[in-house]
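Each chain, letter by letter, is given below.
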Amino acid sequence: MKKPGSIVLLVVGIVLSLLGLTMASAGAAAAWLASSQDDGAFFASPTERYTVSSRALVSPQLDAVGEGTPERLPFDVGTLRLRATATNPGREVFIGIAPQSEVDAYLAGVHHTELREVKFQPFRPVYRDVPGSSAPAAPGAQQFWAASASGPGEQELTWNIAPGNWTVVVMNADASGGVSTDLQAGFRSDLIKPAAMGLLFAGALAILIGVPLLVLGAVGLGRGGGAPGQPSSTSAEAPGFAPASPMSSPLHFTGQLDPAVSPWRWLVKWFLAIPHFFVLFFLWFAFAVTSIIAWFAILFTGRYPLSLFHFNVGVLRWNWRVAFYAYAAGGTDHYPPFSLSRTDYPANVEVDYPARLSRGLVLVKSWLLLIPHLLIVGAFTGTATWAWRTEDGPAGVINDRGGGLSLLGLLVLIALVILLFTGSYPRPLFAFIMGINRWVYRVLIYGALLRDEYPPFRLDQGAFDPEPLQPTNADGRAGLQ
């Protein structure tokens, strides 16, 4: 049975929560910036050297506010500060800001240089040379500058940003050729603090509305267990409780290799699975939120809310089906269903619902106790990188770049390439790949607080879970206790 109301609640809750989290993060960053510009401080760029052979260095056009806005605004947009120092101590530097049209008229027919962009790390300016033969008048004698500074040593210009199209010009004070200066730009605005407060308030409001809607949607989708019309396992201790044998794992993890899997379809499965990747991005966000709610529930009650448990297991189930289809095994050509519920898909995840969970373990199990497993899982699924060197642009800058595959990804790629050329998926390799995935999911359910049993350091290979060990009698033979 479909649950459209729960789906709508979940979608709206996820969107609002994500939007709220984004706005709150932006607001926190803006608040930090606002606090760092107290007492008149500016956000300043590094001081860098700009050297051109022409008579003037001209910045890209500054569209401060844009055309059509009032000449005087009811608030201070911000203040720009520029500092310039001539590289040659014997020269005087000029720096000014003026309307774009005035600068164009002043430099018409004059050899000058436009700064197109600046690349950092490493620093490299990109210029466009504008030829000309005219000699301009001394810049300090012009009357069109909105703000300017000229003289020996370091010159500082401050300008309250105003509507219009503006250009920064750096020249030698005598308008001679060969401009070489050390420049630094700074900015401050009284609008940052109120903008930060507005973002924080709007983000908090969106989170306060979105998280309850998300949880209600997850509860609605998780109510009733794993499959429509299929009752959950029960016990006298807790609804939905399925006790696991001490000899077996509470995780039931399967993946059946399709004997007729296509030799070539894996080449496009990543593309076919894009709709699932999109949905899973939002489901994993919901999984994180509901896991936080469950953390508090376990801490205070010792129980994992049943509906949230079924929802989160459903997310793991959905994720494993897509992974088995596309990138973590490539073991079937059957397209994964868009469902959290149990289906007849060849890959499946089930987790036994626990009657009780330790309220003390919840404080340390997700990070401290999992460190040994996280190191192993990181070795299985982490990226092995390599680097190469390339020359970027005419300056011959050397950049390091990297890339790689995880061990799991490499094994899957080898298996699929063999499948491509032989038409047969190597079964021993498939069994090993399943063992890695099973280990990963055992760690995942423990870290996600779904069970208290510590994951075994064991690579159980194959499509199905290993048979639970039978208890033995005193004579060593298997029997019933």
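Quantities reported herein were computed from a predicted structural model and do not represent experimental measurements.

What follows covers the overall build of the protein chain. Helix and strand content of the protein chain: nine helices and 16 strands. Burial status across the protein chain gives 43% buried among its 481 residues. In the protein chain, 77% of the contacts between residues at least 6 apart in sequence involve partners at least 24 apart. As presented, the protein chain carries roughly 24,500 Å² of accessible surface, and 63% of it is formed by carbon and sulfur atoms.

This part takes up the nonpolar core. If you look at the biggest cluster of nonpolar residues, it comprises 70 residues, and the most contacted ones within it are Tyr304, Trp320, Ile433 and Leu450. The dominant element in this core, judged by the number of residues it contributes, is helix α6 (residues 306–325), at twelve residues. Excluding residues within four positions of it along the chain, Leu450 makes contact with Tyr304, Phe309, Val313, Leu316, Val351, Pro354, Leu357 and Ile445. Core analysis: the second largest hydrophobic core is formed by 22 residues, Leu115, Ala147, Leu157 and Val168 among them.

The interhelical angle for the contact between α6 and helix α9 (residues 427–447), taken along N-to-C directions, is 160°, at an axis separation of 13 Å. When the axis of α6 is compared with that of α9, the two are roughly antiparallel. The handedness of the crossing between α6 and α9 comes out as right-handed. Together, Leu316, Asn319, Trp320 and Phe324 of α6 and Phe430, Met434, Asn437, Tyr441, Leu444 and Ile445 of α9 make up the contact between the two elements. Taken together, the residues of the contact of α6 with α9 break down into eight nonpolar, two polar and no charged.

In this section: the pairing of strand β11 (residues 165–172). The buried count for β11 comes to seven of eight residues, which makes it a mostly enclosed element. Across three bridges, the pairing between strand β3 (residues 56–58) and β11 is antiparallel. Pairing of Leu57 across the sheet is with Val170, part of β11. Relative to β11, strand β6 (residues 93–99) is paired through seven bridges, and the arrangement is antiparallel. Bridging across to β11, Ile95 finds its partner in Val170.

Let us now look at the pattern of salt bridges. Counted according to the given criterion, the structure contains 13 salt bridges. Here Arg128 and Glu114 are joined by a salt bridge, their closest N and O atoms 3.1 Å apart. With Arg128 in strand β8 (residues 124–130) and Glu114 in strand β7 (residues 112–119), this pair connects stretches of sequence that are 14 residues apart. Judged by its relative accessible area of 39%, Arg128 is partly exposed. Between Arg451 and Glu453 there is a salt bridge whose closest N-O contact spans 2.6 Å. Linked through salt bridges whose partners overlap, the residues forming this network are Glu114, Arg116 and Arg128.

Right, let's talk about the pairing of β7 for a bit. Taken together, the two bridges between β3 and β7 define a ladder with parallel strand orientation. Bridging across to β7, Val58 finds its partner in Glu114. The pairing of β7 with β8 spans seven bridges and is antiparallel. Among the inter-strand pairings, Val118 is bridged to a residue of β8, identified as Pro125. The turn linking β7 back onto β8 is made up of four residues, and Gln121 within it adopts a positive phi angle of 50°.

Our focus in this paragraph is unusual backbone geometry. Even without being a glycine, Ala175 presents a positive backbone phi close to 65°. Following the sequence through the fold, Ala175 ends up in the loop between β11 and β12 (179–188). The phi torsion at Leu449 lies on the positive side, around 75°, for a residue other than glycine. One can find Leu449 in the segment after α9.

If you walk through the whole model with that rule in mind, you get 27 aromatic pairs. Between Phe281 and Phe282, the aromatic rings sit 5.1 Å apart at their centres with planes inclined by 85°, giving edge-to-face as the arrangement. When the ring of Phe324 is compared with that of Phe430, the centres are 6.1 Å apart and the planes differ by 75°; the resulting orientation is edge-to-face. A residue pair is termed long-range when its members are at least 10 positions apart, and Phe324 in helix α6 and Phe430 in helix α9 qualify at 106 residues.

This part covers the packing of helix α1 (residues 4–36) against helix α5 (residues 274–301). Following both chains from N to C, one finds α1 and α5 inclined at 80°, their axes separated by 10 Å at the closest point. Comparing their axes, α5 and α1 come out roughly perpendicular. In contact with Leu10, Ile14, Ser17, Leu18 and Leu21 of α1, α5 contributes Phe281, Phe282, Leu283, Phe285 and Ala286. Tallied by class, residues from the contact of α1 with α5 come to nine nonpolar, one polar and no charged.

Definitions and limits used
Here, residues in each chain are numbered from 1, in the same order as that chain's written sequence. In keeping with the model being predicted, local features are shown solely for residues with a pLDDT of at least 70 and side-chain atom pairs are shown and tallied solely at 80 or more, while totals for entire chains, interfaces and linings include all residues. Values shown for side chains rest on all heavy atoms present in the structure; no hydrogens or waters enter the calculation. A run of DSSP states H or I qualifies as a helix once it reaches four residues; a run of E qualifies as a strand once it reaches two. Both are numbered from the N-terminal end. Buried, partly exposed and exposed residues are distinguished by accessible area as a fraction of the type maximum, computed with a 1.4 Å probe on protein chains only: under 20%, between the cut-offs, and over 50%, respectively. Residue contacts follow a heavy-atom distance rule, with two residues in contact if any of their heavy atoms lie within 4.5 Å. Every accessible area reported is derived by Shrake-Rupley at a probe size of 1.4 Å, with residue values counting cover from the shown protein chains alone. Only buried residues count toward a nonpolar core, which is a set of Ala, Val, Leu, Ile, Met, Phe, Trp, Tyr and Cys residues joined through side-chain atoms within 4.5 Å. Structural elements are reduced to axes, namely lines fitted to C-alpha atoms, with helices fitted over the stretch in contact, and the angle between N-to-C directions of any two is expressed from 0 to 180 degrees. If an angle is under 35 degrees, it is roughly parallel; if it is over 145, roughly antiparallel; if it lies from 65 to 115, roughly perpendicular; otherwise it is oblique. Handedness of a helix crossing follows the sense of rotation of the near helix relative to the far helix, less than a right angle counterclockwise being left-handed and clockwise being right-handed. Gly is placed with the polar residues, together with every amino acid not listed as nonpolar (Ala, Val, Leu, Ile, Met, Phe, Trp, Tyr, Cys and Pro) or charged (Asp, Glu, Lys and Arg). By the convention used here, strands pair only if DSSP detects at least 2 bridges between them. What counts as a salt bridge is simple: a side-chain nitrogen of Lys or Arg found within 4 Å of a carboxyl oxygen of Asp or Glu. Geometry of aromatic contacts follows a simple scheme: Phe, Tyr and Trp rings, the Trp one being its six-membered ring, pair when their centres are within 6.5 Å, and the pair is stacked under 30 degrees between planes, edge-to-face over 60, tilted otherwise.

Any functional reading would require information that these geometric values do not contain.
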